[in-house]
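Each chain, written out:
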Amino acid sequence: MAINTDGALLAHPPLSSCCVTQFSVGEPCSRKSPDLGEYDPLTQADSDESEDDLVLNLQQKNGGVKNGKSPLGEAPEPDSDAEVAGAGKPRLSEVTPEGYPLEPLGALEQKAASSIVSYVRTSVFLLMLVVSMVLVLVLLVCAFLIPCPPRDLHSTWSRHLGPQGGGDLSPLDLADVNGDGLRDVLLSFVPSGNGSASGVSRPPAVLVCLSGMNGSTLWSSPLPEEARDITCLDLTPGDMAKTVCLVTGTHKMLSAFNGTSGKAMWTLNPNYLSNGTLAAPAVVLPDVDEDGVRDLAVLAFGDLQQDLCFLLVSGRTGSPVGRPVKYNIVGVGNLIGPQVYITASGATYILFGFGNIQAVALRDIFIQAQNRDNLPPSLQIEEPEWEKQRSVNLSELIDVYSDGVELLQMVKAPDSNSSNLLITTRQGLVLLRGQNLTPSWVLGLQGPFSRCPTPCIAVPCGFSVSMCFLKSLAGERLVMVVDGDSGLVTWSYSIPCHMKETPATSAATVEQKSVFLFWAEGLSAASPNPDVVLGTGPPSLHHLYLLHPTFPSILLDLANATGTVTASEVGINDLWKDAFYVTRTTGSEGHPAPLVVSKLSLRWALMEGQMVQLEETTPKIGRGELRRFLSRIKFVDSPYQVTSLGKKVSGYS
């Protein structure tokens, strides 16, 4: 189709004829097709319109003229016949051999880029899927190969060890000897009968280690005599540290056992004690022989009770470090100590006495034992304030306190790296500053008073240190909580208790507070007479009560026992922030019963315990509020520990 100079539309034959006929108005085409006959302009006009539409559509698809315009929007020249004729000829690059148009170059590039992006996305997805599957497989393998830590939130067990054959002592200690993260139980007892029908003799005593997880026996070792003390510690500092259990006997036995295997590492030759007898458990010293292992000191009686001698013992081999050093002590009362005290400056002293407290410098003992003045670096330090306390004649002994001492304890001072001395006397309590041995406060107690057993606690509570004590009266005990800064009694209560000695202990929480645990007979609800508290059970049934300082009017009844609780210890499960309470129980007086060792999880017991209301409060404390508070309690090891110089020897006075 073309346009003449007059604007008339010129028709052309179909594209299939592969030619374009040019004509002008007034010149009819007389050319005949051999197949179609004579050309009819009127008929051809109708077919030309459809053919023109097809041509326009093809041109639009292939980037040709659109609506009479070129792709750049420029109109073609109306009088250019050559261009009109050329527009009707398809280019070779725009038509396939089959007659179909090709896609433009831009479209091909877009399709290629799209296919690359799709390929990359698929590859990344598959790669991430493979990595995820590998990680899942690795986690599954690790879950099977690495054992899960024991969940001890609710571990409560009881182990019967059979009847005892005698012995008044109840040594008990806790230490993780198998490396499972839970502290195990070590104790010694005298088995029932020392012989059998076959004539095979049994050992006088047995040292047993029970698993802290389930109470099973990890190992046991025979002892040549009854043990008075078991202390497990690391004598070798650093990475090579391993648990060593020191066992002190009632006569001349001092042995070190491997905590993992239970095998004896060494035993002190009793000939080194001459005619003497061990007066108290061994104490741990700094490394005085410079072999990389901390050493020991033992205190032994001489021919007379007042004649005491110190013997330094190597912690590596058990051999004496020098000769025995004798002291003649003047005093009346129970044996106090010995115990090691290290001052803030690093000077080392040993405290001991009979009804009084005296101190001797470790450097003086070492000089006499070695008979030389060449001291190791750890013994070259002196404490000027302590040295001032020596008597006028420059005696080797330093007088610390001399007024009817019943018990001596070391309380870690919260504001220094030293300890204070808490002294229980017949008249009351005295706290001495460890820096200069001057009294910080004195608490006088009236009425009959016997020696205070193991204190409950000495940990910081704000800026104060709280401690719990027990006072024996006729058939009852007075439980007190004393402020360590001022010596004032912040809480007290009388409880019925007919046990000869009632173990008392405590556990520290993450809030730097403490819970107190003690045994008593069953308590009733608040009585109209505040001075009288009636028991709710038979006298032979004793209950374990817990006091939290946040609720001083409430006690929690955690457990009960029909026998006599002779020893107890509290351990901490660091992984689950839980504390567990281990007791050693025997039959009551006149009613022999087998030795029973029990373990109780405190967090579990707190939720299951019964509430005992000591007095009415306003507003009243509900059970739900108390349970919500107790469920949030977490226990930790207290950095402010109490070291008692008399608890291990309380049975020997």
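Calculation criteria
Residues numbered from 1 in each chain as written. Predicted model: local features only at pLDDT ≥ 70, side-chain atom pairs only at ≥ 80, totals over all residues. Heavy atoms only, no water. UniProt positions renumbered as here; feature names shortened; annotations may be inferred. Pairing = 2+ DSSP bridges. Helix = DSSP H or I, 4+ residues; strand = E, 2+ residues; numbered from the N terminus. Buried < 20%, exposed > 50% of the residue type's maximum accessible area, 1.4 Å probe, protein only. Axes fitted to C-alpha atoms, helices over the stretch in contact; angles between N-to-C directions. Phe/Tyr/Trp six-rings, centres within 6.5 Å; stacked < 30°, edge-to-face > 60°. Disulfide = S-S within 2.5 Å. Contact = heavy atoms within 4.5 Å.

- Under an unreviewed UniProt entry, the name given to the chain is FAM234A/B beta-propeller domain-containing protein, and the organism recorded is Capra hircus.
- Under the UniProt heading Sequence similarities (unreviewed entry), the note attached to the chain is "Belongs to the FAM234 family."

**A few points about the pairing of strand β24 (residues 439-444)**
For step 1, the next point in the chain: Relative to β24, strand β23 (residues 428-432) runs antiparallel, the two being bridged by five bridges. Looking at the pairing, Gly 428 lines up with Gly 444 of β24.
For step 2, the next point in the chain: Count of turn residues in the β23/β24 antiparallel hairpin: six residues, of which Leu 437 carries a positive phi of about 65°.

**Digging into the environment of Met 410**
For step 1, the next point in the chain: Its place among the elements puts Met 410 in strand β21 (residues 405-412).
For step 2, the next point in the chain: Overall, the relative accessible area of 7% leaves Met 410 in the buried class.

**Overview of the pairing of strand β22 (residues 419-425)**
For step 1, the next point in the chain: Among the seven residues that make up β22, seven are buried, leaving the element largely enclosed by the rest of the structure.
For step 2, the next point in the chain: Side-chain alternation along β22 places Ser 419, Leu 421, Ile 423 and Thr 425 on one buried face and Asn 420, Leu 422 and Thr 424 on a second face that is also buried.
For step 3, the next point in the chain: The sheet contact formed by β21 and β22 spans seven bridges and is antiparallel. Each bridged residue has a counterpart across the sheet, and for Lys 412 the counterpart in β22 is Ser 419.
For step 4, the next point in the chain: Where β21 hands over to β22, the hairpin turn is made up of six residues, counted between the paired strands.

**A look at the sheet that holds strand β11 (residues 264-267)**
For step 1, the next point in the chain: Read from one edge to the other, the open sheet built from four strands follows the order β8-β9-β10-β11, with strand pairing classed as antiparallel. With one partner strand each, in any of the chains shown, β8 (227-234) and β11 form the two edges of the open sheet. Averaged over all neighbouring strand pairs, the angle between strand axes comes to 20°, with direction disregarded.
For step 2, the next point in the chain: Taken together, the five bridges between strand β9 (residues 243-249) and strand β10 (residues 254-258) define a ladder with antiparallel strand orientation. Across the sheet, the residue bridging to Leu 246 is Ala 256, located in β10.

**Digging into the packing of aromatic side chains**
For step 1, the next point in the chain: All told, the structure shown has nine aromatic pairs when counted by the stated rule.
For step 2, the next point in the chain: Ring centres 5.0 Å apart and planes at 25° place the aromatic pair Tyr 341 and Trp 386 in the stacked group. With Tyr 341 in strand β17 (residues 335-342) and Trp 386 in helix α5 (residues 384-387), this pair connects stretches of sequence that are 45 residues apart. The same class applies to Tyr 341 and to Trp 386, which are both buried.

**A short note on the state of the cysteines**
For step 1, the next point in the chain: Enumeration according to the criterion identifies one disulfide in this entry.
For step 2, the next point in the chain: The disulfide that involves Cys 232 links it to Cys 245, with 2.4 Å between the sulfurs. Handedness of the Cys 232-Cys 245 disulfide follows from its S-S torsion of about 100°: it is right-handed. Of this pair, Cys 232 sits in strand β8 while Cys 245 is found in strand β9, placing the two residues 13 residues apart along the sequence.
For step 3, the next point in the chain: Summary of cysteine pairing: Cys 209 is not part of a disulfide, and the nearest cysteine sulfur, belonging to Cys 245, is at 7.0 Å.

**Section: the sheet that holds strand β30 (residues 514-521)**
For step 1, the next point in the chain: Pairing is antiparallel in the open sheet, where six strands are placed in the order β36-β32-β31-β30-β29-β37. Among the strands making up the open sheet, the edge pair consists of β36 (610-613) and β37 (635-636).
For step 2, the next point in the chain: When β30 meets strand β31 (residues 542-547), the two strands line up antiparallel, connected through six bridges. Considered in β31, the bridge of Glu 521 is made with His 542.
For step 3, the next point in the chain: Against the sheet, helix α7 (residues 623-631) makes contact with β32 (554-561) and β36, and its axis sits at roughly 70° relative to β32, the strand it touches most.

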